[in-house]
Each structure stands twice: as C-alpha cells, then as structure tokens.
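Chains, contacts and geometry: an overview
So you can see what is in the structure, the chains are spelled out below.
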Amino acid sequence: MSASGGTKAIVAALGANLAIAVAKFVAAGFSGSASMLAEGVHSVADSGNQALLLLGGKKAKKAASEEHPFGYGRERYIYGFLVSIVLFTVGGVFALYEGYEKIAHPHEVEHWYWPVGVLVFAIIAETFSFRTAIQESNQVRGKLSWGQFVRRAKAPELPVVLLEDLGALVGLFLALGGVGVALLTGNGVWDGVGTMCIGVLLVVIALVLAVETKSLLLGESADPAERDKINAALVDGETVTRVIHMRTLHLGPEELLVAAKVAVQHDDTAVQIADAIDAAEGRVREAVPIARVIYLEPDIYRAQETEGESVSEPSDMTGPRA
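To start, this report covers the structure provided alongside it.

Two numbers describe a pair of aromatic rings. These are the distance of the centres and the angle of the planes. Per the counting criterion, the structure on display carries one aromatic pair. A centroid spacing of 6.2 Å and a plane angle of 90 degrees characterise the contact between W146 and F149, whose relative ring orientation is edge-to-face. Of this pair, W146 and F149 both sit in helix 5 (residues 146–152), three residues apart, roughly one helical turn. A relative accessible area of 2% means that F149 is categorised as buried. In this structure, K62 packs its charged tip against the face of Y72, placed 4.2 Å from the ring centre.

Turning to helix 9 (residues 270–287), a few remarks are in order. Taking 1.5 Å of rise per residue, 18 residues should cover 26 Å, and helix 9 covers 26 Å from first to last C-alpha, within 8% of that figure. Within helix 9, burial applies to I273, A276, I277, A280, E281 and V284. Down the axis, helix 9 shows its buried residues gathered within 140 degrees of arc, on one side only. Seen from the buried face of helix 9, the exposed residues on the opposite side, beyond 90 degrees, are V271 and E286.

To continue, consider the nonpolar core. The biggest cluster of nonpolar side chains holds 39 residues, and the ones touching the most others in it are M36, L53, F88, F149, V161, I205 and L209. Filtering out sequence-adjacent residues up to four positions away, I205 remains in contact with F88, L163 and G167.

Here the focus is a nonpolar patch on the surface. There is a patch of nonpolar side chains on the surface, built from V22, V26, F30, W112, Y113, W114 and L183 and spanning about 670 Å² of accessible area. Looking at the nonpolar patch, the elements with two or more residues in it are helix 1 (7–31) and helix 4 (113–141). No other element matches helix 1, which puts three residues into the nonpolar patch. Here W112 shows up in the loop between helix 3 (75–104) and helix 4.

What counts and what doesn't
- Per-chain numbering applies: the sequence of each chain, read as written, is numbered from 1 onward.
- Totals for whole chains, interfaces and linings use all residues, but because this is a predicted model, local features are given only for residues with pLDDT of at least 70 and pairs of side-chain atoms are given and counted only at 80 or more.
- For the side-chain quantities, the full set of heavy atoms in the structure was used; hydrogens and water were omitted.
- Side-chain rings of Phe, Tyr and Trp (the six-membered ring for Trp) are treated as a pair once their centres are within 6.5 Å; stacked means planes under 30 degrees apart, edge-to-face means over 60, and tilted covers the remaining angles.
- Under the DSSP-based scheme used, a helix requires at least four consecutive residues in state H or I and a strand at least two consecutive residues in state E, with every element numbered from the N terminus.
- Exposure is judged per residue with a 1.4 Å probe applied to protein chains only, and the accessible area is read against the type maximum: over 50% gives exposed, under 20% gives buried, and values in between give partly exposed.
- In this scheme, Lys NZ or Arg CZ marks a charge over a ring once it lies within 6 Å of the ring centre and within 35 degrees of the ring normal.
- Helix span, expected: 1.5 Å multiplied by one less than the number of residues in the helix.
- Working note: the arc is built from the helix axis to C-beta atom directions.
- The definition of a nonpolar core used throughout is a set of buried Ala, Val, Leu, Ile, Met, Phe, Trp, Tyr and Cys residues joined through side-chain atoms within 4.5 Å.
- Throughout, a residue-residue contact means that at least one pair of heavy atoms, one from each residue, lies within 4.5 Å.
- Only residues above 30% relative accessible area that lack a salt bridge enter a patch, with like-charged residues linked at up to 9 Å and the nonpolar side chains Val, Leu, Ile, Met, Phe, Trp and Tyr linked at up to 5 Å.
- Only the protein chains shown count as cover for residues, and the accessible areas themselves come from Shrake-Rupley with a 1.4 Å probe.
- Counted as salt bridges are all cases of a side-chain nitrogen of Lys or Arg within 4 Å of a carboxyl oxygen of Asp or Glu.

Structure follows, in structure tokens:
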C-alpha cells in the first residue's frame, strides 16, 4: 500500500474546524451550554491537530544530515504521536471536567437556538470534511477494510484525520442529544451527560491513535506484498540464487530500508558478485520505488545452517555493502 500524506484531507479538515470552533464558542457564550464549550475546545484541538500534521510533513522533507543520515521521514510519526497524546487527550480531559461540573452544578440552557443552529452547521461542515478524508483514503486503501487501513497505514495523517472527523461527527450528535434532552426536560444535567460522553469518546480515540503511532515510531516492516516483491527482485537465478535473510524497516512513510543476506555462487569472482548486487538493487528499486536505502551482503548458502529458517527471521547483518 503506497503512502500518502493526505494533504487535501488535512487542509479541508483544518478549514472546517476553524470555522466550526468560532461558531461553537459564540454559541456557548450566548447559551451557557457546557456541551457547546466542550465541542468548541474539541474543534480547537482538531485545528491544532491538522497544523501539527502539516508541520510534521514539512519537517520530514529536510535532507539527510551527518547527524541524521537516514533523513527526517519519521518526523511525520512524531507529530502524529503528539496529536494523539497531547491534543486529543487534552480535549477529552477538558470535556470530562466540564461535564462533571455541569452535572454537579446544572443550569438551564439559554437561547437554545444558538447551540442547535451551530451544531447543525457543524454537522454539515464535518460531513464534507469526513467525505474528503474518505475519498483520499480510498486512493491508497486498496482492498483493506477500514480497520485494517488504520492499523496498517504507514502514513499517519489519513488515519488521524479519519478518526478525528469520525469522532467530531459522533461528538456533535452527542452534543445535540445532550442539549436536546436538556431542553425537553428542563434539566441541565443532560447537557453535562452529553459532555461527559464527548470526553470519553475523545480519550478512546486518543488511545487508539497512540497505539498505532507508537508502532510506527518503533519501526514497522514493509507490507507483506512489498516484501514478496523485494524478495523476488533480489534473485536473478544466476549469480544471486536465493535470499537467505531479509529485513525491511520504514524510515518514514515513503522511505524503506532493505537489508538482506543473499546467496551467490561459490565460484563467482568479486567483480561478478559486485555487478550482481548492483543489478539486484536496481531491480528492487524498480519493483518497490520507496526502497531508497538498500544494504546487501553476499554469502554462500549452507542448507544445514539455515534449515527451517525463514528469510524474515533475525540474522546477523554485519559487513553490508551499500
């Protein structure tokens, strides 16, 4: 699955959230609704999310340096992790606090038409943003289910925006329900209940994103289909006869490191082996363009030493040849 930064989806979500945040705060000020205030903070947090994702994408484009020889591709993972831990959690905790205060000290929702009108507007705007995120994701999702896409995506931006927009839509309906029940019953406690539900929702989304981005930060291998392509491209059947061991690691969403020990003929000359290794690197880059950093170690295949081992199991990668 190719990686994509989903810039169009991020910008669409940023514009929608900024407009919605302003409208929610105005409505909260006129109506005194805790749900609206929590939703306003949620929209500000969402806007900060998109700003961080855009900043991470920009920083990831910096050229490799002596201190960071493999480049800055993981900046996108770091900023995705910041989004999940800091902003989502801050929004969730704030909503939980506001909900508790509203339940402990309830008061009627005033000027009901402000929160209801803003929530309807926000639902329409978030729907368009969510639709854009779905369209962008469908371009890279392939045959994966949505759950598999969120778990396996190597670019953090689209899963973050998808879950963020989904959480925003669900949160808006919760806020609308809380305000609606409070108006019907004349009991402001229901406004607080809606706010508490929004807080729980945001914390759950934060935890899901934290788990996924943590995995990316630790370092994930290439997808199985890409590993198969790399394995097939390395072998030419003449000088390179098989792959003994292979490791892949994402240095960023669109940059893959490949390290492999390959079997060569025992009577080949050094020049023949060097030419075969260079040709293998070229085939790998053609088969999987994101394989930017490749280290191959030639060796003699010994069946008794590798019996029962897989090309994806741990091995000694000493003495690689760039």
